[in-house]
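What follows is the residue order along each chain.
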2 protein chains.
Amino acid sequence: MQGMMQDWQLTTDRILRHAKINHPNRQVISRQVDGSITRTTYGEIYDRARKLSSALVKRGTKLGDRIGTMAWNNARHMETWYGIMGIGAVCHTLNPRLHRDQLVYIINHAGDNIFFVDLSFVPILEAVQDELTSVEYFVVLCDADQMPETSLRGAVCYEDLLAEGEDDITWGDFDENTACGLCYTSGTTGNPKGVLYSHRSNTLMAMTAAMPDAMNINGKDTCLMVVPMFHANAWALTFTAPMIGMNLVMPGPMMDGKSIYELLDGEKCTISAAVPTVWLMLLNHLETTGNKLPHLNEVLIGGSACPRAIMETFDKKYGVNVVHAWGMTETSPLGTVSRIEPEIAHLPYEEKLSYRLKQGRPPFIVEMCIVDDDNKELPCDGKAFGKLMVRGPAISNAYFGGEGGEILDGEHWFDTGDVATIDELGYMQITDRSKDVIKSGGEWISSIDLENAAMGHPAAAECAVIGLPHPKWDERPLLIVQLKEGMEATPDSFREFLSDKIAKWWMPDDVVFVAELPHGPTGKVSKLDLREQFKDHVLSTI
Amino acid sequence: MQGMMQDWQLTTDRILRHAKINHPNRQVISRQVDGSITRTTYGEIYDRARKLSSALVKRGTKLGDRIGTMAWNNARHMETWYGIMGIGAVCHTLNPRLHRDQLVYIINHAGDNIFFVDLSFVPILEAVQDELTSVEYFVVLCDADQMPETSLRGAVCYEDLLAEGEDDITWGDFDENTACGLCYTSGTTGNPKGVLYSHRSNTLMAMTAAMPDAMNINGKDTCLMVVPMFHANAWALTFTAPMIGMNLVMPGPMMDGKSIYELLDGEKCTISAAVPTVWLMLLNHLETTGNKLPHLNEVLIGGSACPRAIMETFDKKYGVNVVHAWGMTETSPLGTVSRIEPEIAHLPYEEKLSYRLKQGRPPFIVEMCIVDDDNKELPCDGKAFGKLMVRGPAISNAYFGGEGGEILDGEHWFDTGDVATIDELGYMQITDRSKDVIKSGGEWISSIDLENAAMGHPAAAECAVIGLPHPKWDERPLLIVQLKEGMEATPDSFREFLSDKIAKWWMPDDVVFVAELPHGPTGKVSKLDLREQFKDHVLSTI
């Protein structure tokens with residue numbers, strides 16, 4: 001028997017329509033490519049996004065068409081999202097920092113037939129457009145008088161395209177499972193794979209993100225959204241903000257400490273969301289200038305683990321609460337949020353901090369467990385660590401075009417590729433990436449834990465641990481150290497330093513020193529390169 | 001094109017499962033029928049609800065079966081809800097204050113084949129059971145040693161039934177649109193009609209209720225849920241509380257001021273939800289005893305309009321924020337919540353209070369508009385008032401068994417039967433019930449506004465306004481007054497009193513005095529009785 005409730009599909013157009021009706025004058029403030037700041041409202045964004053939809057339909061866009069965007073966080077980019085999604089086309093966001101070959105692969109694989117590009121990125125697209133097999137025309141996100149000379153085929157200025165549209169257009173009116181957004185994620189092997197969001201997944205995630213145990217935001221907040229709209233669904237904020245009528249401040253291309261501070265202070269932002277690097281730059285700026293953050297209540301940090309020092313400095317020096325979160329492109333992206341639960345509220349600061357440094361607890365729409373290599377569920381005791389598996393309505397069930405084949409196990413769990421512990425109170429902590437964990441004698445050694453321990457050595461500038469083959473134990477750890485300038489150390493001094501900090505069987509078999517550790521494009525140590533570099537190293541314990 | 005996100009149905013069993021995994025030790029505290037207080041946890045409720053499901057399945061319960069409950073708010077009642085819903089049967093809550101004929105009609109109409117009854121209500125069911133055509137057996141919600149001698153057919157003690165169940169049972173695994181709850185609402189004409197909730201509607205409403213712009217609750221809160229579980233879905237709290245891990249305190253049968261105070265104070269409740277009458281009783285108790293409310297942050301008031309005095313007293317004397325909300329059985333029930341939006345945050349107290357006394361603004365999943373008699377949308381200017389129409393995924397599209405026929409208009413709007421204004425900031429205010437509004441010369445006169453104005457007259461104890469037929473104007477208002485004991489007044493003194501308070505054409509054609517106004521079972525003036533009583537009154541203006 002079916003319930004007798006209305007058929008009201010969870011489509012993202014309803015989010016902006018809700019904003020248009022209920023909080024049309026809440027603001028969206030954007031830093032433009034030229035550094036200037038423009039202001040608009042959800043009411044205006046709604047009207048303009050609908051004109052964009054109308055113009056696209058007139059030019060032939062249909063349900064299911066993929067449309068690419070390469071743009072900063074700004075109001076036009078937001079209009080583009082809703083204009084595309086409202087008519088059931090798929091908004092495909094691209095990271096401008098991608099290697100040109102990956103860019104070409106991704107656009108062709110997605111089959112984008114229109115491409116929206118911010119002024120800054122016109123040269124990137126000009127350079128590859130001859131290799132793009134599906135793009136029919138390009139739209140440049142600028143005013144008419146900013147329109148550059150460009151070789152982009154069919155190039156049209158965004159404002160001119162809008163002028164082709166009418167006010168009257170049907171939005172929504174399709175199933176909530178209709179595809180809505182597309183974002184490629186770089187696997188460690190093979191080509192990037194496309195995560196295809198549905199209207200339903202994005203709407204449920206937007207509701208979830210607002211909840212008090214997640215981001216805890218409402219219409220009284222002003223949010224500086226630093227996390228890029230091309231990165232993991234902008235942590236749902238592009239949907240949550242209009243849903244709850246929160247003012248949204250977008251930094252455009254300027255994410256240095258000074259620019260971020262100017263927006264936080266000038267727009268009286270109460271909350272912000274970004275990766276740790278951004279916060280490091282901001283804290284450095286504050287340190288230099290002596291500026292404070294009187295309006296900011298909370299910052300959400302994700303993307304990579306938040307260093308303890310950032311959390312402590314925000315707390316103690318600026319009175320800003322840091323909330324640690326974890327997610328990935330495949331999880332839309334909110335997987336966990338770390339807040340102080342009542343069970344630990346009485347603990348001293350340092351102990352609470354250890355909980356806050358964990359990645360946190362899942363919201364209602366995320367199920368989570370850890371399993372061993374045989375897919376046997378492991379206990380939530382804060383010690384056992386295993387593959388982190390997730391399940392939920394906003395988690396991928398496959399990649400675009402079926403790439404990578406079946407990605408769920410028999411019970412519909414998605415393997416995150418992370419290795420984690422979950423403690424008695426449900427706080428999850430990432431301990432490693434699956435590919436980096438060292439499997440020694442059937443037990444796992446966390447490369448990250450070992451690295452963190454070794455980093456305490458006074459001579460260590462940076463450390464990395466990889467597993468190398470071992471005839472008896474399968475794999476054993478190799479510790480690779482870059483020393484601080486002018487410092488010296490012996491392998492034995494590292495062994496001695498580690499001896500009271502790790503389990504005995506975790507002790508690295510060898511310690512080697514290098515002049516410089518290799519880094520990937522996001523600034524992380526590249527273990528891929530290290531594995532290549534040390535592939536012929538024979539452990540001295542063999 | 002469909003998104004590539006997991007098929008994860010929004011079924012209510014997932015809510016309790018989430019609680020079992022993520023906050024198993026959060027408490028549910030119940031006042032029993034004998035006044036004692038028992039404590040359990042979501043973990044235990046989950047285990048016991050599953051045993052109940054198993055026992056029901058063993059005894060033959062199938063997907064879609066309706067199962068009645070007549071019980072106070074307590075942990076066993078909560079287990080019963082989840083035990084029934086988890087296997088796709090329909091939990092049908094009944095109000096013990098119903099007239100016995102209505103009770104019989106409703107149980108037979110629903111076709112309940114099992115009936116769960118609290119100790120207090122065994123006699124009520126015994127008295128009507130011979131007329132119940134579908135109920136196969138009764139379950140008494142008590143311990144084995146409390147089991148009464150009863151003539152109820154097939155009577156089984158709840159704990160004995162539980163003992164028949166196993167731990168292993170499949171929950172969920174059906175479509176989220178499956179029926180889940182049933183609650184009859186008394187129309188003004190004809191028989192009561194059944195609102196049939198789905199798993200989807202209840203789950204979406206539970207997520208919505210937790211959001212900062214709605215109830216703003218999380219796992220750090222302890223909620224005294226006074227609103228009965230048989231009343232308008234208990235304002236979603238039976239679902240929201242386990243979803244967010246909020247401690248839940250349930251008053252059982254004792255809702256007097258002293259008992260409510262004891263729970264608020266003893267359990268350190270931070271939030272509570274009830275109709276105005278409960279709060280009046282509490283405030284009287286506090287006034288008498290001098291007790292304070294140091295733990296309570298917020299009370300949610302709905303069910304009928306919150307009097308200004310209640311809001312002011314809570315604010316000024318007890319430092320408790322009153323949040324006014326509106327909804328109905330057909331809206332699952334949250335329709336609007338009245339909170340201070342940033343646009344009015346700077347206003348002086350009295351002006352903010354006028355906004356807070358409105359019924360408030362809709363959450364994302366509720367669409368709302370006002371229309372005139374021709375279904376033409378009226379402006380949101382805070383002045384125009386019209387029929388309040390709502391739309392959304394947790395709003396009825398029909399009544400159980402098709403009673404009442406088509407209830408949505410061509411654009412899927414549901415007519416709430418209320419008449420309201422909506423202001424420029426989106427705050428809705430109920431001005432009347434559709435059936436009570438007076439239609440004079442094509443314009444509407446709010447009977448409630450007239451009553452409130454007349455109540456200011458120093459001699460008025462209570463006032464009611466009804467419309468009577470008029471050959472020229474269709475309808476004109478009759479003001480009916482019950483004077484304060486020992487007071488006298490003339491019709492002219494009321495006309496004079498009203499003259500500078502209402503539009504000239506709103507002036508009642510006649511003013512009549514009665515010894516006592518008739519009241520319905522919920523304490524409201526019965527306009528149905530008044531219309532009957534004055535059906536032969538001929539207005540003096542004819």
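Residues numbered from 1 in each chain as written. Chains lettered and ligands numbered in written order. Predicted model: local features only at pLDDT ≥ 70, side-chain atom pairs only at ≥ 80, totals over all residues. Heavy atoms only, no water.

A. Spotlight on the overall build of chain A. Across its full length, chain A holds 15 helices and 24 strands. Relative to the globule expectation of 24 Å for 542 residues, the C-alpha radius of gyration of chain A, 24 Å, shows essentially globular dimensions. Structurally, chain A occupies a C-alpha span of about 75 × 65 × 50 Å along its principal axes. Out of the 542 residues belonging to chain A, those deemed buried represent 61%. The long-range share in chain A, meaning contacts at least 24 apart out of those at least 6 apart in sequence, stands at 65%. For chain A, the accessible area works out to roughly 20500 Å², and carbon and sulfur atoms hold 50% of it. (Helix = DSSP H or I, 4+ residues; strand = E, 2+ residues; numbered from the N terminus. Rg over C-alpha atoms; globule rule 2.2 N^0.38 Å. Buried < 20%, exposed > 50% of the residue type's maximum accessible area, 1.4 Å probe, protein only. Contact = heavy atoms within 4.5 Å. Areas by Shrake-Rupley, 256 points an atom, 1.4 Å probe, with all protein chains shown as cover.)

B. Representation of the relation of the copies chain B and chain A within the structure. Least-squares fitting of chain B to chain A yields an RMSD of 0.1 Å, with the superposition described by an axial translation of 0.0 Å and a rotation of 180 degrees. Taken together, the turn and the small shift mark the pair as related by a two-fold rotation axis. By C-alpha distance to the rotation axis, the residue of chain B lying nearest is Met211 of chain B, at 2.4 Å. Take the interface residues of chain B: 99% of them recur as interface residues in chain A, which is what a same-surface contact looks like. (Least-squares fit on C-alpha atoms with pLDDT ≥ 70 in both.)

C. Local environment of the nonpolar core. Counting residues in hydrophobic clusters, the biggest one holds 188 residues, and the most contacted among them are Leu56 and Phe116 of chain A together with Leu56 and Phe116 of chain B. Aside from chain neighbours lying at most four places away, what touches Leu56 of chain A is Thr61, Ile67, Gly83, Ile84, Ile87, Ile114, Phe116, Tyr137 and Leu161 of chain A. (Core = buried A, V, L, I, M, F, W, Y, C linked by side-chain atoms within 4.5 Å.)

D. Spatial organisation of the packing of aromatic side chains. For the structure shown, the criterion picks out 26 aromatic pairs over all chains. Between the aromatic rings of Tyr46 of chain A and Trp171 of chain A, the centroid separation amounts to 5.5 Å while the plane-to-plane angle is 80 degrees, which identifies the pairing as edge-to-face. In this pair, Tyr46 of chain A is assigned in helix H2 (residues 42-58) and Trp171 of chain A in the loop between helix H6 (158-163) and strand E8 (179-185), connecting sequence segments 125 residues apart. Note on Tyr46 of chain A: relative accessible area 10%, which makes it buried. Judged by centre distance (5.7 Å) and plane angle (70 degrees), the rings of Phe364 of chain A and Trp8 of chain B are edge-to-face. (Phe/Tyr/Trp six-rings, centres within 6.5 Å; stacked < 30°, edge-to-face > 60°.)

E. Examining the interface of chain B and chain A more closely. Each partner contributes residues to the interface: chain B has 72 residues there, and chain A has 71 residues. With its nearest N and O atoms 3.0 Å apart, the salt bridge here joins Arg17 of chain B to Glu367 of chain A. Our count for the contact surface shared by chain B and chain A stands at 36 residue pairs in polar contact (both at pLDDT 80 or more). Among the secondary structure elements, those contributing two or more residues to the side of chain B that touches chain A are helix H1 (13-22), strand E9 (193-198), helix H7 (199-210), helix H8 (237-244) and strand E17 (386-391) of chain B. (Salt bridge = Lys/Arg side-chain N within 4 Å of Asp/Glu carboxyl O. Polar contact = N/O pair within 3.5 Å; in protein donor to acceptor, adjacent residues only side chain to side chain.)

F. Examining the side chain of Arg356 of chain B more closely. Residues and elements named next belong to chain B. Mapping Arg356 onto the fold places it in helix H12 (residues 349-356). A polar atom in the side chain of Arg356 sits 3.4 Å from the side chain of Asn321. Excluding residues that lie within four positions of it along the chain, Arg356 makes contacts with Met311, Asp315, Asn321, Val322, His324, Ser338, Ile340 and Tyr349.

G. Here's a closer look at the packing of helix H10 (residues 276-289) of chain B against helix H11 (residues 308-318) of chain B. Residues and elements named next belong to chain B. Closest axis-to-axis distance for the H10/H11 pair is 11 Å, and the angle between their directions is 40 degrees. By the angle class used here, H10 and H11 are oblique. Remark: the crossing between H10 and H11 carries left-handed chirality. Contacts between H10 and H11 involve Pro276, Trp279, Leu280, Leu282, Leu283, Leu286 and Glu287 from the first element and Ile310, Thr313, Phe314, Lys317 and Tyr318 from the second. (Axes fitted to C-alpha atoms, helices over the stretch in contact; angles between N-to-C directions. Parallel < 35°, antiparallel > 145°, perpendicular 65-115°, else oblique. Left-handed = near helix turned anticlockwise from the far one by under 90°.)

H. View of the pattern of salt bridges. Applying the stated criterion across every chain, the model contains 74 salt bridges over all chains. One salt bridge in this structure joins Glu312 of chain B and Lys316 of chain B, with 3.1 Å as the shortest N-O distance. On the criterion of helical spacing, the pair formed by Glu312 of chain B and Lys316 of chain B is a turn pair, its members being 4 residues apart in helix H11. Since its relative accessible area comes to 56%, Lys316 of chain B is described here as exposed. Three or more residues joined by partner-sharing salt bridges are found here, namely Arg48, Arg76, Glu79, Asp143 and Glu159 of chain A.

I. Layout of the pairing of strand E23 (residues 474-483) of chain A. Residue and element names in this part refer to chain A. Among the 10 residues in E23, 7 count as buried, and that is most of the element. As defined by bridge partners, strand E22 (residues 460-470) adjoins E23 across 10 bridges and the pair is classed as antiparallel. Of the residues in E23, the one forming a bridge with Gly467 is Pro477. A loop of 3 residues connects E22 with E23, the two strands running antiparallel in sequence. Both E23 and strand E24 (residues 510-514) contribute to a ladder of 5 bridges, which runs parallel. If you follow Val481 over to E24, its bridge partner there is Phe513. Read as a crossover between parallel neighbours, the route from E23 over helix H14 (residues 491-498) to E24 is right-handed. (Pairing = 2+ DSSP bridges. Right-handed = clockwise from strand over helix to strand, strands pointing away.)

J. Spatial organisation of the sheet that holds strand E8 (residues 179-185) of chain B. Residue and element names in this part refer to chain B. The mixed open sheet is built from 7 strands, whose spatial order is E7-E6-E5-E3-E4-E8-E9. Each edge of the open sheet carries a strand with a single partner, namely strand E7 (156-157) and E9. For strand E4 (residues 90-93) and E8, the ladder comprises 3 bridges, and the chain directions are parallel. Bridge pairing in E8 links Cys91 to Gly181.

K. Structural view of H8 of chain B. All names here are of chain B. Burial runs high along H8: 8 of the 8 residues are buried. Of the residues making up H8, those classed as buried are Leu237, Thr238, Phe239, Thr240, Ala241, Pro242, Met243 and Ile244. A positive backbone phi angle near 75 degrees is found at Gly245, which sits one or two residues after H8.

L. Region of interest: the confidence of the model for chain A. Predicted confidence across chain A gives a mean pLDDT of 95, with 99% of residues reaching 70 or more. Interface confidence in the predicted complex, given as ipTM, is 0.92; pTM for the same model is 0.93. (pLDDT = per-residue confidence, 0-100.)

M. How the structure looks around the sheet that holds strand E2 (residues 37-41) of chain B. Residues and elements named next belong to chain B. Taking strand neighbours across the sheet as the criterion, the 8 strands line up as E2-E1-E11-E10-E12-E13-E14-E15 in an open arrangement whose pairing is mixed. Unpaired on one side and paired on the other, E2 and strand E15 (334-338) mark the two borders of the sheet. In this sheet, adjacent strand axes meet at a mean angle of 20 degrees when their direction is disregarded. With respect to the sheet, helix H2 (residues 42-58) is in contact with strand E1 (27-31), E2 and strand E11 (247-250), its orientation differing from that of E2 by roughly 80 degrees.

N. Inspection of the environment of Glu377 of chain B at higher detail. All names here are of chain B. Residue placement: Glu377 occurs in the loop between strand E16 (367-371) and E17. We classify Glu377 as exposed; its relative accessible area is 55%. Sequence separation between Glu377 and Glu176 is 201 residues, and the spatial gap between their C-alpha atoms is 33 Å. Excluding residues that lie within four positions of it along the chain, Glu377 makes contacts with Cys369, Ile370 and Val371.

O. Geometry of the packing of helix H1 (residues 13-22) of chain A against helix H8 (residues 237-244) of chain A. Residues and elements named next belong to chain A. At a minimum axis distance of 7 Å, the contact between H1 and H8 shows a crossing angle of 35 degrees. In this structure, H1 meets H8 at a crossing whose hand is left-handed. The residues of H8 that touch H1, namely those facing Ile15, Leu16, His18 and Ala19, are Phe239, Pro242 and Met243. The class makeup of the residues in the contact of H1 with H8 is 6 nonpolar, 1 polar and no charged. (Nonpolar A, V, L, I, M, F, W, Y, C, P; charged D, E, K, R; others polar.)

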